[in-house]
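# Observations on the model geometry
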Amino acid sequence: IILFAIYIGLLISKTHEDFYYYHLQFIREINNDQFVLGLAVADIKYIYGSSVAYLQSMYFFNEDYKYIHVPIFLFFSSCLIFFIFQALDKKNTNIEIFFSVFISILLLIKFKRVSEFGYDYIYHFIFFFIFFKFFIKEKKSNDLFFLTAFFIILIFIKSIAILLFPFYLFFILKIYSNFFKLRKIEYFKFIFLITLVLVFLINIFVKSGCLLIPSKYTCVENLAWSVNYKESNLKKAISWSKGFYHQDKNIRIHNEINYNKNFNWIKNWSQGHFKHKIRDYLGVLVLVFFLILVLNFNFSGRENELKNFYYLTLYFTSVLTLFLWFSIIPQFRFGISQITLVFFFTFYSFISKYIKFDKIKNLYWLIFFSLFVYILGNVLRINDEFLRIDQYKFVNFPYVNLRTVEHKKKETENFYYYYADESDCINSRPICSTKEIIVKKSNIFLVLIDKNRLQ
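Summarised in this report is the structure supplied together with it. Here the structure is a predicted model, which is why all the values come from computation and not from measurement.

All right, on to the state of the cysteines then. What we call a disulfide is simply a covalent bond connecting the sulfur atoms of a pair of cysteines. What the rule picks out here adds up to two disulfides. Bridging Cys210 to Cys219, the disulfide has an S-S length of 1.9 Å. Its torsion about the S-S bond being 95°, the disulfide of Cys210 and Cys219 is classed as right-handed. Here Cys210 matches Cys219 in class, with each residue buried. The disulfide partner of Cys425 is Cys432, and the S-S distance across this bridge is 2.1 Å. Every disulfide takes its handedness from the sign of the S-S torsion; for Cys425 and Cys432 that torsion is -85°, giving left-handed. We note that Cys425, like Cys432, is buried. Listing the disulfide partners of the protein chain by sequence rank of the bonded cysteines yields 1-2, 3-4.

This is the structure in structure tokens:
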């Protein structure tokens, strides 16, 4: 019933900006009949391609990409339904119910636009599940194998998930304070985890000739398909996240290094990104807490659960991950988990003793109200997308509008590619490149070579 109710969120006309920037084309490149070495030579952004893109590529039928948002929707709906069931489980403790209700309402009210997800939101949703199962649940799982596998998968989905690594260390210190306990891990599980890591590294190597996202020290430069590690946009992404490219012309700091050091970027960032993205999100978090508090307030105060040393340590771990995010790459979509957890623990510490979930009907009302907001928001969005007059209007309802940009075909060596000389590769036939390259075909392999490296 819940899945049917939230299905409306999958009816999309206009997707997020990165979808045409490189997501869709990366999926098309994955579905190429040829095995490609050096795909990142065609566009450095392909190195950052998410593992979810490989899952989406399985929803490709007869040159039709109408269904590639289904996996994104399934991640969202699975997490939502899990937390709704946990919220209604009377066997759960107060903090377990509160956290489950909190995340359920948050997903329905704030994240109702599946079209905005990309891959960034997905790893946060999965992390909320991990956090509940391994850190909040009273009978917490102590299985290092599963937690390690989950964290590896998070990094597969988005490498920036590495910022959540302190939680993994916290788990190890808590469960395996005695180092010798680690020796009890079964060998086949250890081999499985090593295999996961190898798959991740091999995937990067096949695409770029590097073992890690372009690092000078992990790139094999004499390989034909190696990328120029200097093209990595990691530094550019950090400057972008701190607002370097969105400064007021009259008070601009022109030197990128000076802008990023000593937190010189905070004033500009707070007036821009914080004001328009993070402040709004904090408002939603306050609203969610208010809704829960109003319907479940109890004057008979109980002992504050967060005085427990375990929860205090978990709270400070959340603060540490928030600081890492803030100091390295403070974009909202990379810090959703950190912001949410710090906010949750801070507010819950003040109101937990006045919250008692003794009336299950109140929880039903909260969930029904949130579902109503979700459905209404999507109905209004769909109506707006029908009224659009630009290229993103609904032209094939209920499917996403997949626009195409034609690129000129260039012959090279014994094969060809499509050259996007004045735009990004947008829904082009593979292989599409944003720069001039050489494509060599050898049996089932296509080897992409950067022309500039040969000069």
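We now examine the sheet that holds strand E5 (residues 437-442). Spatial ordering of the open sheet is given by E1-E6-E5, a layout of three strands whose pairing is mixed. If you trace the sheet from one side to the other, it starts and ends with strand E1 (35-37) and E5, each paired once. Each strand of the sheet is rotated relative to its neighbour by a mean of 25°, with strand direction disregarded.

Turning next to the nonpolar core. Core analysis: the largest hydrophobic core is formed by 132 residues, its most contacted members being Phe98, Phe111, Phe125, Phe131 and Phe135. Contacts of Phe135, omitting those with residues within four sequence positions, involve Ile130, Lys140, Leu147, Phe167, Phe170, Phe171, Tyr310 and Leu314. In terms of nonpolar packing, the next biggest core, distinct from the first, is built from seven residues, Leu223, Trp225, Val447 and Ile449 among them.

Next up on the list: the sheet that holds strand E4 (residues 432-433). Pairing within the open sheet is mixed, and its three strands lie in the order E2-E3-E4. Single-partner strands in this sheet number two, and they are strand E2 (408-412) and E4. Where E2 lies against strand E3 (residues 415-419), five bridges are found, and the strand directions are antiparallel. When the sheet's bridge partners are listed, Glu411 is paired in E3 with Tyr416.

Turning next to a nonpolar patch on the surface. A contiguous nonpolar patch, built from Leu287, Phe290, Val294, Leu295, Tyr364, Trp365 and Phe368 and spanning about 740 Å² of accessible area, is present on the exposed surface. Going through the elements one at a time, helix H13 (266-296) and helix H16 (360-387) are the ones with two or more residues in the nonpolar patch. In terms of residue count, the dominant contributor to the nonpolar patch is H13 (four residues). Mapping Phe368 onto the fold places it in helix H16.

Before going further, it helps to spend a moment on the packing of aromatic side chains. On inspection of all chains with the given rule, the structure shows 74 aromatic pairs. Ring geometry for Phe102 and Phe344: centres 5.5 Å apart, planes at 40°, overall tilted. One end of the pair, Phe102, is in helix H6 (residues 94-110); the other, Phe344, is in helix H15 (residues 336-351), with 242 residues separating them in the sequence. Look at Phe344 and you get buried, because its relative accessible area is 0%. Consider the rings of Tyr416 and Tyr418, whose centres lie 6.0 Å apart with planes at 85°: the pair is edge-to-face. Exposure remark for Tyr416: the relative accessible area of 24% places this residue in the partly exposed category. The residue whose ring lies beneath Lys66 is Tyr399, and the NZ or CZ to ring-centre distance is 4.6 Å. The ring of Tyr416 has Lys409 sitting right over it, with the charged end atom 4.1 Å from the ring centre.

Conventions we followed
- Residues numbered from 1 in each chain as written.
- Predicted model: local features only at pLDDT ≥ 70, side-chain atom pairs only at ≥ 80, totals over all residues.
- Heavy atoms only, no water.
- Disulfide = S-S within 2.5 Å.
- Buried < 20%, exposed > 50% of the residue type's maximum accessible area, 1.4 Å probe, protein only.
- Pairing = 2+ DSSP bridges.
- Helix = DSSP H or I, 4+ residues; strand = E, 2+ residues; numbered from the N terminus.
- Axes fitted to C-alpha atoms, helices over the stretch in contact; angles between N-to-C directions.
- Core = buried A, V, L, I, M, F, W, Y, C linked by side-chain atoms within 4.5 Å.
- Contact = heavy atoms within 4.5 Å.
- Patch = residues over 30% accessible without salt bridge, like charges linked within 9 Å, V, L, I, M, F, W, Y side chains within 5 Å.
- Areas by Shrake-Rupley, 256 points an atom, 1.4 Å probe, with all protein chains shown as cover.
- Salt bridge = Lys/Arg side-chain N within 4 Å of Asp/Glu carboxyl O.
- Phe/Tyr/Trp six-rings, centres within 6.5 Å; stacked < 30°, edge-to-face > 60°.
- Lys NZ or Arg CZ within 6 Å of the ring centre and 35° of its normal.

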